Amino acid sequence: MIIFLSVLSMQAQEVIKFKPTDGDMTSVVRNALENVTAKDIKLIFEKGTYKFLPNYATRKFSYITNHGNGEKSIVFLLENFDTVEIEGNNSEFIFHGQVAPFQIRNCKRLEINDLTIDWDIPFSFQGDVTSVNPNEKYFEMRPYTEGYSWKLQKGRILFPNIDGFYFAALGSTLTFDKDTKQIAYGALDMSLRPNKVENRPNGILRIYDDNIRKYPTVGTVIHSKGDKEHNRYAPAFQVSNSKNIELNGITIHHALGMGFLFERTEDIKILNSGIFIKKGSDRAITTIADATHFANCKGDILIENCRFEGMLDDGTNVHGTYVEVNKILDKNTIRVALMHFEQMGFEFAEKGDEVWFVKSPNPNRAETNTVASVKVINDKYSDLTFTNTIPSDLKVGDVVENKTWNPVFTMRGCTIRDHRARNIIIKTPKKIIIENNDLSSMMSSVMLRGETYFWYESGNVEDVIIRNNRFVHCNYGGASEHAILKVSPRLGKSFDQTITYDKNIVFENNTIETFDNRIVWADRVDGLIIRNNTIKQTNTEIPQFPDAPTFDLMNCENVEISNNTYDGSVTNNIKADKKSSNKIKIKRNKGFKNLKL
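Residues numbered from 1 in each chain as written. Predicted model: local features only at pLDDT ≥ 70, side-chain atom pairs only at ≥ 80, totals over all residues. Heavy atoms only, no water.

**Here's the deal with the state of the cysteines**
And then number 1: With the rule as written, the count across this model stands at zero disulfides.
And then number 2: Free of any disulfide, Cys306 has its nearest neighbouring cysteine sulfur in Cys414, separated by 4.7 Å.
And then number 3: On the basis of relative accessibility, which here comes to 3%, the residue Cys306 falls in the buried class.
And then number 4: The closest cysteine sulfur to the non-disulfide-bonded Cys474 is located on Cys414, 15 Å from its own sulfur. (Disulfide = S-S within 2.5 Å. Buried < 20%, exposed > 50% of the residue type's maximum accessible area, 1.4 Å probe, protein only.)

Okay, here's the thing in structure tokens:
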């Protein structure tokens, strides 16, 4: 085993060079980072394959939003640097077992170029569905064995069965088209905990489960990722409390959570990168969760010329965080609570941040105030003291939103397809541009959804342009109705469900080719322009909701539908309630059978 490691002094920058070896590189990387003395470092990897095992990784308790908190085995722990550069030279990093590849915290500049991330054995259980028997509540499958790790023990499937770890159940399960690797048409998310599993002849397993929502189709690939308490170990990249991030030429074939996760980070670029299944692989999925996720970030976010496929959640999710008022402590201080179990430990605010108060029943942003101090009680509760007195009508159950930490977001030139959930789900009051992308979705392609319920992801949008995109074969999952563009606030019962929430959305010059009816479905929008779009109904699948309207408007104001062209058989082109009909402009549209109120 030959390892070449050198440290060079270049204008106070330490340069560390690595050569590939057959052995575990975790200790080599760890030792190099622990001996760094400069605030500026550059890691250069000679092109090759590098293997990383968990045995000698840094063990550290980690709060990771939308993942499971706990002690993680971290390979690249990069903290408190002024600059970090990593040159991958198109190397392949192969990880094994439960590891968090990259955790970057409190760095002022980060640049990573040209590397591929994969796992030797995926945290997946999958196989081909060979038969179903709803009457006896079982299905049969031929599980994949080569390149996978699982065993049948006492009527239970234990996977991934790596280093002593296995999931409590099959858990989250979904079916895929074997040839295209798309989510199977009409597929439903299922959570499986089989009553028993039997070995059958010719490598077949018979799986009995009383709670199957929808039996899989024979010939599809069925995939399980484990129980929700344990199936989001860590993202490939977790970047927090940092700024000036550029990731270029990064490919991720698998990760034990999201691909790229950013928390309270400023100015981010993801360029010419991808999350997709390795050519020739029989795997059905890439990342266990979102491709990209941004929680309470600010500055400019740019995702450009990227390809995201095979994820088990959204292509991107951009949001802030609502915290709920738990107690009014005095005229300047409130106790707030993080409300979702995967937000515990998240840093909502720091001294100097501005916040909005959102007071039910009105869901819109109201007074602002500046945080003077934060006292963390535990991972759920914090006390916020403000420079000015809090609103006199603020009450327990109202929510607070961070005003300071919201980004401008741009996505252009990307392909997102063949994955679970939405292509793009986004909530920021600053400018959003989604342009020149190729999008195909299991659920809604673009969803705008702030919510004071369940996820508590803030907030309402105020400036959105969705233009020059190509939407092909969308909304093909079977869970519920969706649309190409869906605007649907999800607010708690204390809020008025008729007050407009999102604002100023333009959906223009897009090309849409899909089999189902819904194109735009909007609730509580003030200012919605749908213009110059070309819509073609295809016959690739049977419409799942044939009575749904093309445009569905509820509690909207100031809507314009103009210069759109339609080619298809749908006659139910528009549905609008009284409020939405009051200030709507419909003009110069072509091909619609019934686009009038």
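**Examining empty space enclosed by the protein**
And then number 1: This structure, assessed with the given rule, holds five cavities of 30 Å³ or more.
And then number 2: Quantified by volume, the largest cavity comes out at close to 70 Å³.
And then number 3: Forming the boundary of the largest cavity are Met442, Asn475, Gly477, Ser480, Glu481, His482, Asp516, Asn517, Arg518 and Phe545.
And then number 4: Looking at the lining of the largest cavity, its residues break down into two nonpolar, five polar and three charged.
And then number 5: Here the second largest cavity is characterised by a volume of approximately 60 Å³.
And then number 6: Around the second largest cavity sit Thr514, Asp516, Asn517, Ile519, Ile535, Lys536, Gln537, Thr550, Tyr566 and Val570, which together line it.
And then number 7: A per-class count over the lining of the second largest cavity returns four nonpolar, four polar and two charged. (1 Å grid on protein atoms, 1.4 Å probe; cavity = no way out; pocket = protein on both sides within 12 Å on 5 of 7 lines; lining within 4 Å. Points joined across faces, edges and corners; volume = space filled by probe spheres on them. Nonpolar A, V, L, I, M, F, W, Y, C, P; charged D, E, K, R; others polar.)

**Remarks on the packing of aromatic side chains**
And then number 1: Summed over the entire model, instances satisfying the criterion amount to 30 aromatic pairs.
And then number 2: An angle of 80° between the planes, with centres 6.4 Å apart, marks the rings of Phe123 and Phe167 as edge-to-face. Of the two residues, Phe123 is situated in the loop between β9 (110–119) and β10 (125–133) and Phe167 in the loop between β15 (165–166) and β16 (171–176); the sequence distance between them amounts to 44 residues. In this pair, the class of Phe123 matches that of Phe167, namely buried.
And then number 3: Ring geometry for Tyr144 against Tyr148: centres 5.9 Å apart, planes inclined by 70°, an arrangement best described as edge-to-face.
And then number 4: Within the aromatic cluster, the residues linked to one another by ring pairs are Phe18, Phe45, Tyr50, Phe52, Phe76, Phe93, Phe95, Phe102, Trp119, Phe237 and Phe260.
And then number 5: The ring of Tyr208 carries Lys196 above its face, with NZ or CZ at 4.8 Å from the centroid.
And then number 6: Directly above the aromatic system of Trp405 lies the positively charged group of Lys298, at a separation of 4.5 Å from the ring centroid. (Phe/Tyr/Trp six-rings, centres within 6.5 Å; stacked < 30°, edge-to-face > 60°. Helix = DSSP H or I, 4+ residues; strand = E, 2+ residues; numbered from the N terminus. Lys NZ or Arg CZ within 6 Å of the ring centre and 35° of its normal.)

**Quick look at the layout of surface pockets**
And then number 1: The computed volume of the largest pocket comes to approximately 1,100 Å³.
And then number 2: Contributing to the lining of the largest pocket are 43 residues, with Asp189, Asp313, Arg420, Phe454 and Trp455 lying nearest its centre.
And then number 3: Breaking the lining of the largest pocket down by element, the ones donating at least two residues are β16 and β17 (190–192).
And then number 4: The biggest single contributor to the lining of the largest pocket is β17, with three residues.
And then number 5: When the residues that make up the lining of the largest pocket are grouped by side-chain class, the tally is 13 nonpolar, 11 polar and 19 charged.
And then number 6: There is about 260 Å³ of room inside the second largest pocket.

**Notes on the pairing of strand β51 (residues 557–562)**
And then number 1: The pairing of strand β48 (residues 525–531) with β51 spans five bridges and is parallel. Bridging from a neighbouring strand, Arg531 pairs with Ser562 of β51.
And then number 2: Relative to strand β54 (residues 584–587), β51 runs parallel, the two sharing four bridges. Bridge pairing links Ile561 to Ile586 in β54. (Pairing = 2+ DSSP bridges.)

**Overview of unusual backbone geometry**
And then number 1: Following Phe159, the chain continues to Pro160 via a peptide bond in cis, the omega torsion being -5°.
And then number 2: Turning to its location among the elements, Pro160 is positioned in strand β14 (residues 160–162).
And then number 3: One non-glycine residue, Asn66, adopts positive backbone phi at about 60°.
And then number 4: Tracing the sequence through the fold places Asn66 in the loop between β5 (58–62) and β6 (70–79).
And then number 5: Of the residues examined, Asn66 reaches a relative accessible area of 5% and is grouped as buried.
And then number 6: With a phi close to 50°, Asn89 is a non-glycine residue in the positive phi region.
And then number 7: Residue classification places Asn89 among the partly exposed residues on the basis of a relative accessible area of 34%.

**As for the environment of Trp455**
And then number 1: Positionally, Trp455 belongs in the loop between β40 (446–448) and β41 (457–458).
And then number 2: On the accessibility criterion, Trp455 (23% relative accessible area) is partly exposed.

**Observations regarding the nonpolar core**
And then number 1: Counting residues in hydrophobic clusters, the biggest one holds 120 residues, and the most contacted among them are Phe18, Phe93, Ile117, Phe237, Phe262, Phe507 and Phe551.
And then number 2: Core analysis: the next-biggest nonpolar cluster, separate from the first, contains 18 residues, Ala295, Leu338, Phe346 and Ile390 among them. (Core = buried A, V, L, I, M, F, W, Y, C linked by side-chain atoms within 4.5 Å.)

**Notes on the pattern of salt bridges**
A pair can form between side chains of opposite charge whenever their charged atoms are brought close.
And then number 1: One pass over the full model with this rule turns up 41 salt bridges.
And then number 2: As a salt-bridge pair, Asp383 and Arg335 come within 2.7 Å of each other at their nearest N and O atoms. Pair noted here: Asp383 is in strand β33 (residues 381–386) and Arg335 is in strand β30 (residues 333–337), with a separation of 48 residues, a long-range link. Grouping residues by exposure puts Asp383 and Arg335 together as buried.
And then number 3: Several salt bridges share partner residues, and in doing so they unite Asp189, Arg232, Asp313, Glu342 and Arg420 into one network. (Salt bridge = Lys/Arg side-chain N within 4 Å of Asp/Glu carboxyl O.)

**A word on the confidence of the model for the protein**
And then number 1: On average, the protein scores 96 in pLDDT, and the residues at 70 or more come to 98%.
And then number 2: Confidence drops under pLDDT 50 across residues 1–10; counting only partners more than four residues distant or on other chains, this segment forms 24 contacts. (pLDDT = per-residue confidence, 0-100. Contact = heavy atoms within 4.5 Å.)

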